[in-house]
Amino acid sequence: MARILAIDYGKKRTGIAVTDPLQIIANGLTTVDTKDVLFYIKQYVTENEVETIVVGLPRQMNGEYSETFRYITAFVNRLKKELPSMEIVYFDERFTSKMAHQSIIAGGVKKSERRNNKGLVDMVSAAIILQSYMESRK
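These numbers were taken from a predicted model, which means no experiment stands behind them.

Caption draft 1: Molecular detail of the nonpolar core. If you look at the biggest cluster of nonpolar residues, it comprises 21 residues, and the most contacted ones within it are Leu 5, Ile 7, Ile 41, Ile 53, Phe 75 and Leu 79. Here the element with the most residues in this core is helix α1 (residues 37-47); it accounts for five residues. If we skip the residues at most four places from it in the chain, Ile 41 touches Leu 5, Ile 7, Ile 16, Ile 53, Phe 75, Leu 79 and Leu 83. Judged by nonpolar contacts, the second largest core, of 13 residues, contains Ile 4, Ala 17, Val 89 and Leu 130.

Right under this line is the structure:
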């Protein structure tokens, strides 16, 4: 079985999470500068068997797309061009940043580390998106 990769795309940083090969557990993988994320993903799928890429779909509370949606669609279009045989799906990412903050605090990460490692929230958000996606398929 191949892995599933999830992306929490942001203007500055992008969080990435991945499943284990059996698709049981979602783990935060890394945070990448958004300008480098396409290169990183292409390299990752070359070195690892990935069957699906899940991209967080930013929606507002009323269901409308948020302002960042246009950046994400442009990125996904480039991703589809670069990886034409890869399944790429959107998945609702509402509340993931808030959930990520709460998880990080509950995990005992100190305030100073949270302040110094802003990418941690992005990576944890990607893991939450991935876990939610996997649960929705059951």
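Caption draft 2: Examining α1 more closely. Taken residue by residue, α1 has Val 37, Leu 38, Ile 41, Tyr 44 and Val 45 as its buried positions. The buried residues of α1 all sit within an arc of 130 degrees when viewed along its axis, so they share a single face. Residues of α1 that are exposed and point more than 90 degrees away from the buried face comprise Phe 39, Thr 46 and Glu 47. Packed against the buried residues of α1 are β1 (3-8), β2 (13-19), β3 (26-33), β4 (50-57) and α2 (69-82).

Caption draft 3: Just the pattern of salt bridges, in detail. The final tally for this structure, using the stated rule, is three salt bridges. Put simply, Arg 13 and Asp 122 hold a salt bridge, and the shortest N to O gap is 2.8 Å. Of this pair, Arg 13 sits in strand β2 while Asp 122 sits in helix α5 (residues 119-136), and the two are 109 residues apart along the sequence. The class for Arg 13 is partly exposed, based on a relative accessible area of 28%. Lys 35 is paired through a salt bridge with Asp 36; the nearest N and O atoms lie 3.2 Å apart.

What counts and what doesn't
- Residues numbered from 1 in each chain as written.
- Predicted model: local features only at pLDDT ≥ 70, side-chain atom pairs only at ≥ 80, totals over all residues.
- Heavy atoms only, no water.
- Core = buried A, V, L, I, M, F, W, Y, C linked by side-chain atoms within 4.5 Å.
- Buried < 20%, exposed > 50% of the residue type's maximum accessible area, 1.4 Å probe, protein only.
- Helix = DSSP H or I, 4+ residues; strand = E, 2+ residues; numbered from the N terminus.
- Contact = heavy atoms within 4.5 Å.
- Arc of directions from axis to C-beta.
- Salt bridge = Lys/Arg side-chain N within 4 Å of Asp/Glu carboxyl O.

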